[in-house]
Amino acid sequence: MHYVVIGAGPAGVIASETLRKTDPTGQISLISGEPEPPYSRMAIPYLLIGDIDEAGTYLRKAHDHYQQLGIEVQHNTVTAVRPADQQLDLATGGPLAYDRLLLATGSRALLPPVPGIDLPGIHPCWTLEDARQIATLASPGTKVLLIGAGFIGSIVLEALAKRGVDLTVVEMGDRMVPRMMNETAGGMIKAWCEQKGVRVHTSTQVTSIERIEAAPAPVSSSSSPSSEGGLRGLFRRLTGQSQPAGPPPPPPPEPVEGAPSLKVHLSNGEAVDCHLVISAAGVAPNLGLLDGSGVSTDRGVLVNAYLQSSDPNIYAAGDCAQGKDFSTDETAVHAIQPVASEQGRIAALNMAGKVTPYEGSFSMNVLDTLGLISASFGLWMGADGGEQVELSDPERFRYLNLQFRDDVLVGATSLGMTQHVGVLRGLIQGETHLGVWKERLQADPTRVVEAYLAMGLTYR
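Residues numbered from 1 in each chain as written. Predicted model: local features only at pLDDT ≥ 70, side-chain atom pairs only at ≥ 80, totals over all residues. Heavy atoms only, no water.

### Notes on the nonpolar core
Reasoning step 1: With 46 residues, the main nonpolar core has V81, L88, L101, L102 and L103 as its most contacted residues.
Reasoning step 2: Taken together, the elements giving at least two residues each to this core come down to β1 (2-6), α1 (10-22), β2 (27-32), β4 (78-82), β5 (87-90), β7 (100-103), β19 (314-316) and α8 (337-351).
Reasoning step 3: By residue number, the principal contributor to this core is α8, which donates 6 residues.
Reasoning step 4: Counting 40 residues, the second largest nonpolar core, distinct from the first, contains L47, A131, L167 and L415. (Core = buried A, V, L, I, M, F, W, Y, C linked by side-chain atoms within 4.5 Å. Buried < 20%, exposed > 50% of the residue type's maximum accessible area, 1.4 Å probe, protein only. Helix = DSSP H or I, 4+ residues; strand = E, 2+ residues; numbered from the N terminus.)

Encoded structure:
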């Protein structure tokens, strides 16, 4: 059996490893469209901060990990899938045949359709190559404008702020992380960021970007005939001082090289001069290789309970897969790493003949924004006909919102209250009937730990 996995992110890597465990003799080909070893995009912000080097982003640290497992890693691009022939067309080399195929192609970064978006100095932050470019340009004091304050944008925001840049954020939604937080919580995250020195424009769009012509370089003061150049020499000549008073001052920090080269026009009428623009305006599943294949797609590759596509020999996992949503029983694409990892594992088991249904992807987001931890789970926006309870303390940046359907907790949002994160997920995923504890939580939502323990549940 020849298994081919397209995509070397978490879904693809875990699928390849699971295939090897399940089928010790099968041939496994893992195709990566980037030149680096398989890595995690979620580690890129830590690379930008300087907490890790590039090797720290790699999903597996041993240089011979895949070789030891008998997994062939190919750095190539799949240009087309031909299910009728069970073959792939590659950018380099001949066609590649498969018996079972996993699409773990992930997502691509989207650039907003505004004039000037293709100018030099404008980058997405999605690949290691993007990170290299940004690290070169985002030095302390650099004026940076970040487009997008969703989940990905807020992670990038954290990294940029820790690099010491002069940061402006533009988000078209009416709050930060609008697909993860309600208006109250998203507004509190905005206030927190502004308190930390980040300028945030919500309900605002970038309308155009233009290049600023460089101003003539100033004449250096070191050309003065004085024995000492620069401002210090000028000061001494004007004041008559021949010797410095006390020890010389420390050298100033390295200045940002050059004046801002980009002017970003906003829908609120403002214009922001900056050295660097980073777009985190969203992502879309990589589906182009399926054009003309006949494989059914919608927002992603449509899959059944076994992560199998409309073609019985083709499966999908991760950001490109559209499968069952745990909370709604409808289909959805959940582009988060825990979902990708689990889908990769389940898809591989089914590809190798070990029938295993997938329970559905669970919407779960946990975000650290400049030290403020926020989280949302399940139907955080509420269920039709459901009830909610809310606890808000904006001065202390504390917030908790619980959503109920009958006596079952179906969604939750928390901000600055990390002690509740684990139990909220457990209660929602367990679809636990709370009984009298529903009324108790409506009276005091901070008692979720007590409710969890009262239901006879234990921490996992």
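And the narrative resumes.
### A short note on helix α4 (residues 128-137)
Reasoning step 1: By the burial criterion, the buried members of α4 are L128, D130, A131 and I134. Viewed along the axis of α4, the buried residues span an arc of 145°, placing them on a single side of the element.
Reasoning step 2: As for α4, its buried residues are in contact with α2 (44-49), β9 (122-124), α5 (151-162) and β16 (276-279). (Arc of directions from axis to C-beta. Contact = heavy atoms within 4.5 Å.)

### So, empty space enclosed by the protein
Reasoning step 1: A complete count under the given rule lists 1 cavity of 30 Å³ or more for this structure.
Reasoning step 2: When its volume is computed, the largest cavity comes out at roughly 80 Å³.
Reasoning step 3: If you trace the largest cavity, you find it lined by R41, M42, I44, P45, C125, W126, I152, I155 and V156.
Reasoning step 4: Looking at the lining of the largest cavity, the elements that each hand over two or more residues are α2 and α5.
Reasoning step 5: Class assignment for the residues of the lining of the largest cavity results in 8 nonpolar, no polar and 1 charged. (1 Å grid on protein atoms, 1.4 Å probe; cavity = no way out; pocket = protein on both sides within 12 Å on 5 of 7 lines; lining within 4 Å. Points joined across faces, edges and corners; volume = space filled by probe spheres on them. Nonpolar A, V, L, I, M, F, W, Y, C, P; charged D, E, K, R; others polar.)

### Comments concerning the packing of α1 against α8
Reasoning step 1: At a minimum axis distance of 7 Å, the contact between α1 and α8 shows a crossing angle of 30°. Compared by their axis directions, α1 and α8 come out roughly parallel. For the pair α1 and α8, the sense of crossing is right-handed. Mapping the contact onto sequence places P10, A11, I14, A15, T18, L19 and T22 in α1 and Q337, A340, S341, G344, R345, A348, L349 and M351 in α8.
Reasoning step 2: A breakdown of the residues in the contact of α1 with α8 according to their chemical character gives 9 nonpolar, 5 polar and 1 charged. (Axes fitted to C-alpha atoms, helices over the stretch in contact; angles between N-to-C directions. Parallel < 35°, antiparallel > 145°, perpendicular 65-115°, else oblique. Left-handed = near helix turned anticlockwise from the far one by under 90°.)

### So, the packing of aromatic side chains
To describe a pair of aromatic rings, you give the distance between the ring centres and the angle between the ring planes.
Reasoning step 1: Tallied over the full model, the rule gives 2 aromatic pairs.
Reasoning step 2: Arranged with centres 5.0 Å apart and planes meeting at 80°, the rings of W192 and F397 form a pair that is edge-to-face. A residue pair is termed long-range when its members are at least 10 positions apart, and W192 in helix α6 (residues 183-195) and F397 in the loop between β24 (387-393) and β25 (398-405) qualify at 205 residues.
Reasoning step 3: Assessed through its relative accessible area of 9%, F397 is described here as buried.
Reasoning step 4: With a centroid separation of 5.7 Å and an interplanar angle of 85°, the aromatic rings of F326 and F362 are classed as edge-to-face. One end of the pair, F326, is in the loop between β20 (321-324) and β21 (331-332); the other, F362, is in the loop between α8 and β22 (364-369), with 36 residues separating them in the sequence.
Reasoning step 5: Taking the relative accessible area as the measure of exposure, F362 reaches 7% and is therefore buried.
Reasoning step 6: Over the ring of W437 we find R440; its NZ or CZ atom is 4.8 Å from the centre of that ring. (Phe/Tyr/Trp six-rings, centres within 6.5 Å; stacked < 30°, edge-to-face > 60°. Lys NZ or Arg CZ within 6 Å of the ring centre and 35° of its normal.)

### A look at the pattern of salt bridges
Reasoning step 1: Following the criterion strictly, the structure yields 18 salt bridges and no others.
Reasoning step 2: With a closest N to O distance of 3.1 Å, E158 and K162 form a salt bridge. Pair noted here: E158 and K162 are both in helix α5, with a separation of 4 residues, about one helical turn.
Reasoning step 3: When salt bridges that share partners are traced, they join E36, E54, E129 and R132 into one network. (Salt bridge = Lys/Arg side-chain N within 4 Å of Asp/Glu carboxyl O.)

### Overview of the layout of surface pockets
In this approach, a probe sized like a water molecule rolls over the atoms, and the result shows the empty space that is left.
Reasoning step 1: Its boundaries defined by the atoms lining it, the second largest pocket holds a volume of some 290 Å³.
Reasoning step 2: Taken together, 14 residues form the lining of the second largest pocket, with E342, Y358, G360, F362 and Q429 sitting closest to its centre.
Reasoning step 3: Broken down by secondary-structure element, the contributors of at least two residues to the lining of the second largest pocket are α8 and α9 (421-429).
Reasoning step 4: Broken down by element, the residue count for the lining of the second largest pocket peaks at 4 residues, all from α8.
Reasoning step 5: Of the residues in the lining of the second largest pocket, the class split is 8 nonpolar, 3 polar and 3 charged.

### Here we look at the sheet that holds β16
Backbone hydrogen bonds are what pair the strands of a sheet, in a parallel or an antiparallel way.
Reasoning step 1: Strands sit in the order β9-β16-β10-β11-β12 across an open sheet of 5 strands; the sheet is parallel. Bordering the open sheet on either side are β9 and β12 (199-201), each of which pairs with just one other strand. Going from strand to strand, the sheet's axes swing by 20° on average, the running direction of each strand aside.
Reasoning step 2: Here strand β10 (residues 143-147) runs beside β16; their pairing, made up of 4 bridges, is parallel. Each bridged residue has a counterpart across the sheet, and for L146 the counterpart in β16 is I278. (Pairing = 2+ DSSP bridges.)

### Description of the confidence of the model for the protein chain
Reasoning step 1: Chain-level pLDDT for the protein chain is 90 on average; 90% of the residues reach the 70-or-more range.
Reasoning step 2: A low-confidence stretch, residues 217-255 (pLDDT under 50), is modelled with 15 contacts involving residues beyond four sequence positions or located in other chains. (pLDDT = per-residue confidence, 0-100.)

### Describing the side chain of S327
Reasoning step 1: On the secondary structure map, S327 appears in the loop between β20 and β21.
Reasoning step 2: Classification of S327 by relative accessible area gives buried; the value is 17%.

### Points about the sheet that holds strand β18 (residues 301-302)
Reasoning step 1: If you walk across this open sheet you meet the 3 strands as β18-β20-β21, and the pairing is mixed. Unpaired on one side and paired on the other, β18 and β21 mark the two borders of the sheet.

### As for the side chain of T168
Reasoning step 1: Following the sequence through the fold, T168 ends up in strand β11 (residues 166-170).
Reasoning step 2: Side chain to side chain, T168 and R199 meet in a polar contact 3.1 Å long.
Reasoning step 3: Excluding its chain neighbours within four sequence positions, the residues that come into contact with T168 are V144, L145, L146, R199, H201 and V272. (Polar contact = N/O pair within 3.5 Å; in protein donor to acceptor, adjacent residues only side chain to side chain.)

### Considerations on the environment of D130
Reasoning step 1: Among the structural elements, D130 can be located in helix α4.
Reasoning step 2: For D130, a relative accessible area of 13% translates into the label buried.
Reasoning step 3: Residue contacts for D130: discarding those within four places in its chain leaves P124 and C125.
Reasoning step 4: Within the structure, the side chain of D130 is placed 3.0 Å from the backbone nitrogen of T127, a separation counted as a polar contact.

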